[in-house]
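The chain contents come next:
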Amino acid sequence: MKIFSESHKTVFVVDHCPYMAESCRQHVEFDMLVKNRTQGIIPLAPISKSLWTCSVESSMEYCRIMYDIFPFKKLLMAALAAVGPPNPRADPECCSILHGLVAAVEALCKITEYQHEARTMLMENAERVGNRGRIICITNAKSDSHVRMLEDCVQETIHEHNKLAANSDHLMQIQKCELVLIHTYPVGEDSLVSDRPKKELSPVLTSEVHSVRAGRHLATKLNVLVQQHFDLASTTITNIPMKEEQHANTSANYDVELLHHKEAHVDFLKSGDNHVGGNSREGTFKETVTLKWCTPRTNSVELHYCTGAYRISPVDVNSRPSSCLTNFLLNGRSVLLEQPRKSGSKVISHMLSSHGGEIFLHVLSSSRSILEDPPSISEGCGGRVTDYRITDFGEFMRENRLTPFLEPRYKIDGSLEIPLERAKEQLEKHTRYWPMIISQTTIFNMQAVVPLASVIVKEAMTDEDVLNCQKTIYNLVDMERKNDPLPISTVGTRGKGPKRDEQYRIMWNELETLVRAHINNSDKHQRVLECLVACRSKPPEEEERKKRGRKREEKEDKSEKSGKDYEQDKPWQESERLKGLLDREKEELAEAEVIKDSPDSPEPPNKKPLITMDEMPVVEKAKGPMSLLSLWSNRINTANSRKHQEFIGRLNSVNNKAELYQHLKEENGMETTENGKTGRQ
């Protein structure tokens, strides 16, 4: 549907009854020659405007601001100049604002030029062109009941004219109408009408009531309303240097308030910078963004990178500061505006410049320009991120690119499927769970999970898709049973990373998160989740096997650690042990020499021989001095002989020959021959 908002049609209805000819009682001083007045001349009395004049001027100011910022595609019926002021002597009973409200409803039903163009483009679907409007009624109501009567009149009139427009090719039915009732009264009097916020009276009509004193208060109220109706915002330019008229050599700083579209402040909202202050102009508080004047250094506009340009309109267009600023800009000069800061370097965020006789507020980019080299994809928030899933994202873009819509498609319920909505739904499904960084995912780094991840995002799955998903889950179970390694990223972690069973727990949790994000698509998606949950529920023997596996891994880790420590200490221990053995051998050899030289000397007390002669193994005596190897071999043989009990046959043998099976001889009483004896060397 071609949407025309309520701001497309705005109709002013100004009450022309005799009461509107009364004074607003807000005096205007126009005799300014006070000091140089000649003696004897009586000063002129101050004057005051009528309620009618205040209403017309405020309405014209509303229109001026709107036309300055939106010179196209906005309509206002303001044929007020030819009407003339109201007659204070006219009969009030003969004057009624109801005629003006009826005429306003008739004007909203008429087709505008822009609506006609839209209907021509849509041709057969001309009824899809919307028709909305706004009625601003400035009057002096008698009471709240009088206001309700005006609202009922507008509601009934809309209902009647919609019936007429339904059967006409030159009229359009009103789909939505905003009624803004402004009750104005002289300064110093009490209001008989209460303010009321916007209220919906019917599906077609909404109404709001404002009770405002006449004069500058009414102008300020219309200024606030035009900002609300057309999404405008306020910017106050401060510290504007300007020469004084009386003293040309001196200058003073002034402020000028400008109105423009609120999109000029969107960067402030995104960045979270709070530059919105209050303006107490005319005794009312109004939000405005304060920007500081910078001394212009160049006339070239192209030197600055702009992200937007919006027409401006001065709030006080007739003031000297506003006039000087507009003339300065229309002469081809540009003014840079900076954000006020208490500390740090200044940030230039906006610029004022004129194009074709119109003044624009330019929004300057304070971030990286698209004209510069593109930033590296590894530059992320909070530091450099080097493991983006760039390849997977390219595949993701390929699967979700837009194509021309050739033939209409219909949904299951028979309604026409809108291509843009269908594309948004598919994009939403594919991004329900899509980690952007490799280290944040496990399943998308595994080729074994690709069949499941590619079909689980479908809106409808086939039986074959369900079977493939189940096979994928069974393969993962088999991988866990074999204790196969997983592609777990260890970036930013110390040590070897999580244990193998912890890795599989992370993998199963992530896989379940992916499947649960799509279980509402169809019943087949639910079947995949049930299979996954069933495979995750391990039997007791499987849990016991996992515990044994964990203990074995811990034991292997300890053995590996102790083995590393032993390998490091082994050379030192061997050297120390060999050194101790050699020292001990030297002492024993020296002691043996002393005993040999004194054969009659007794044995030392508490000295026990290391080995008896019977226990001494047969060692061939070496001729000459004994080598270190011989000494070491004798000691090893002696030590080994103490570790076991000697064979009894060898102890009782003769010439190292032992007779076997002697009990047979005793039992049979037979003499054994020489051949019945065996010997053991």
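Owing to the predicted nature of the structure, the values given are computational and were not obtained by experimental measurement.

(A) View of the overall build of the chain. Broken down by element type, the chain carries 17 helices and 19 strands. A burial count over the chain gives 33% of its 681 residues as buried. When contacts within the chain are restricted to residue pairs at least 6 apart in sequence, those whose partners lie at least 24 apart make up 71%. Total accessible area on the chain stands at roughly 44,900 Å², and carbon and sulfur atoms take up 53% of it.

(B) Structural view of the pattern of salt bridges. On inspection of all chains with the given rule, the structure shows 21 salt bridges. With a shortest N-O distance of 3.3 Å, Lys 198 and Glu 178 are connected by a salt bridge. Of the two residues, Lys 198 is situated in strand β7 (residues 196-200) and Glu 178 in strand β6 (residues 176-185); the sequence distance between them amounts to 20 residues. Since its relative accessible area comes to 11%, Glu 178 is described here as buried. Asp 478 is the salt-bridge partner of Lys 482, the closest N and O atoms lying 3.3 Å from each other. Judged by relative accessible area, Asp 478 falls into the partly exposed class, the value being 27%. What emerges from the salt-bridge pattern is a single network uniting Glu 61, Arg 64 and Asp 68.

(C) Representation of unusual backbone geometry in the model. The phi dihedral of Asp 231 falls on the positive side, at around 55°, and the residue is not glycine. When you line up the elements, Asp 231 lands in the loop between α5 (216-229) and β9 (232-243). The class of Asp 231 is partly exposed, set by a relative accessible area of 36%. Residues other than glycine seldom take positive phi values, yet Asn 239 does so here, at roughly 60°.

(D) Structural view of the packing of helix α11 (residues 463-481) against helix α13 (residues 523-536). Interhelical geometry of α11 versus α13 gives an angle of 15° and a closest axis separation of 10 Å. Relative to α13, the element α11 is oriented roughly parallel. For the pair α11 and α13, the crossing hand works out as right-handed. Where α11 approaches α13, its residues Asp 463, Val 466, Cys 469, Gln 470, Ile 473, Tyr 474 and Val 477 are matched on the opposing element by Lys 524, Arg 527, Val 528, Cys 531, Leu 532 and Cys 535.

(E) Main features of the packing of aromatic side chains. Enumeration over the complete set of coordinates arrives at eight aromatic pairs. With 5.9 Å between their ring centres and 65° between their planes, Phe 393 and Trp 434 make a pair best called edge-to-face. Linking Phe 393 in helix α8 (residues 390-399) with Trp 434 in the loop between α9 (419-430) and α10 (450-455), this pair joins segments that are 41 residues apart in sequence. By way of ring pairs, the aromatic residues Phe 12, Tyr 62, Phe 70 and Phe 230 are connected into one cluster. Arg 389 extends its terminal NZ or CZ atom over the ring of Trp 434, reaching a point 4.1 Å from the ring centre. Note that Arg 389 overlies the ring of Phe 444, its terminal NZ or CZ placed 4.4 Å from the centroid.

(F) View of the pairing of strand β15 (residues 335-339). In terms of burial, β15 is a largely internal element, five of the five residues being buried. Across the two faces of β15 the burial is the same, with Val 335, Leu 337 and Gln 339 and Leu 336 and Glu 338 all buried. Where β15 lies against strand β16 (residues 347-355), five bridges are found, and the strand directions are antiparallel. Pairing of Gln 339 across the sheet is with Val 347, part of β16.

(G) Up close: the pairing of β16. In the sheet, β16 pairs with strand β17 (residues 358-364) via six bridges, with the strands oriented antiparallel. Bridged to His 350 within β17 is Val 363. Taking the residues between adjacent antiparallel strands as the criterion, β16 and β17 are bridged by two residues, where Gly 356 takes a positive phi near 60°.

(H) Geometry of the side chain of Lys 176. Inspection of the secondary structure assignment puts Lys 176 in strand β6. Of the side chains bearing the opposite charge, Glu 200 lies closest to the buried Lys 176, which forms no salt bridge; the N-O distance is 4.4 Å. Here Pro 203 takes part through its backbone oxygen, which lies 3.4 Å from a polar atom of the side chain of Lys 176. Not counting chain neighbours up to four residues away, the residues in contact with Lys 176 comprise Glu 6, Asn 131, Arg 132, Gly 133, Glu 200, Ser 202, Pro 203, Val 204 and Thr 206.

(I) Looking closely at helix α7 (residues 320-330). Within the span of α7, buried status applies to Pro 321, Ser 322, Leu 325, Thr 326 and Leu 329. With its buried residues spanning 125° around the axis, α7 presents them on a single face. Residue Gly 332 follows α7 closely and has a positive phi angle near 95°.

(J) Region of interest: the environment of Pro 186. Checked against the element boundaries, Pro 186 lands in the loop between β6 and β7. In this structure Pro 186 comes out as buried when scored by relative accessible area, which is 0%. Once you skip the residues sitting within four places of it in the chain, Pro 186 turns out to touch Tyr 19, Ser 23, Cys 24, Arg 25 and Leu 51.

(K) Molecular detail of the side chain of Glu 178. Within the local environment of Glu 178, its side chain forms a polar contact with the side chain of Arg 134, the two groups lying 3.1 Å apart. One polar contact links Glu 178 to Lys 198, side chain to side chain, over a distance of 3.3 Å. The residues contacting Glu 178, other than those within four sequence positions of it, are Glu 6, Gly 133, Arg 134, Ile 135, Lys 198 and Thr 206.

(L) Seen up close, the confidence of the model for the chain. Across the chain, the average pLDDT comes to 77, with 71% of residues at or above 70. No element of the chain has a lower mean pLDDT than strand β19 (residues 383-384), which averages 52, and none a higher one than strand β8 (residues 205-213), which averages 95. Between residues 565-572, whose pLDDT stays under 50, and residues either more than four places distant or in other chains, the model counts one contact.

Thresholds applied
- Residues numbered from 1 in each chain as written.
- Predicted model: local features only at pLDDT ≥ 70, side-chain atom pairs only at ≥ 80, totals over all residues.
- Heavy atoms only, no water.
- Helix = DSSP H or I, 4+ residues; strand = E, 2+ residues; numbered from the N terminus.
- Buried < 20%, exposed > 50% of the residue type's maximum accessible area, 1.4 Å probe, protein only.
- Contact = heavy atoms within 4.5 Å.
- Areas by Shrake-Rupley, 256 points an atom, 1.4 Å probe, with all protein chains shown as cover.
- Salt bridge = Lys/Arg side-chain N within 4 Å of Asp/Glu carboxyl O.
- Axes fitted to C-alpha atoms, helices over the stretch in contact; angles between N-to-C directions.
- Parallel < 35°, antiparallel > 145°, perpendicular 65-115°, else oblique.
- Left-handed = near helix turned anticlockwise from the far one by under 90°.
- Phe/Tyr/Trp six-rings, centres within 6.5 Å; stacked < 30°, edge-to-face > 60°.
- Lys NZ or Arg CZ within 6 Å of the ring centre and 35° of its normal.
- Pairing = 2+ DSSP bridges.
- Lys, Arg positive; Asp, Glu negative; His and termini not counted.
- Polar contact = N/O pair within 3.5 Å; in protein donor to acceptor, adjacent residues only side chain to side chain.
- Arc of directions from axis to C-beta.
- pLDDT = per-residue confidence, 0-100.

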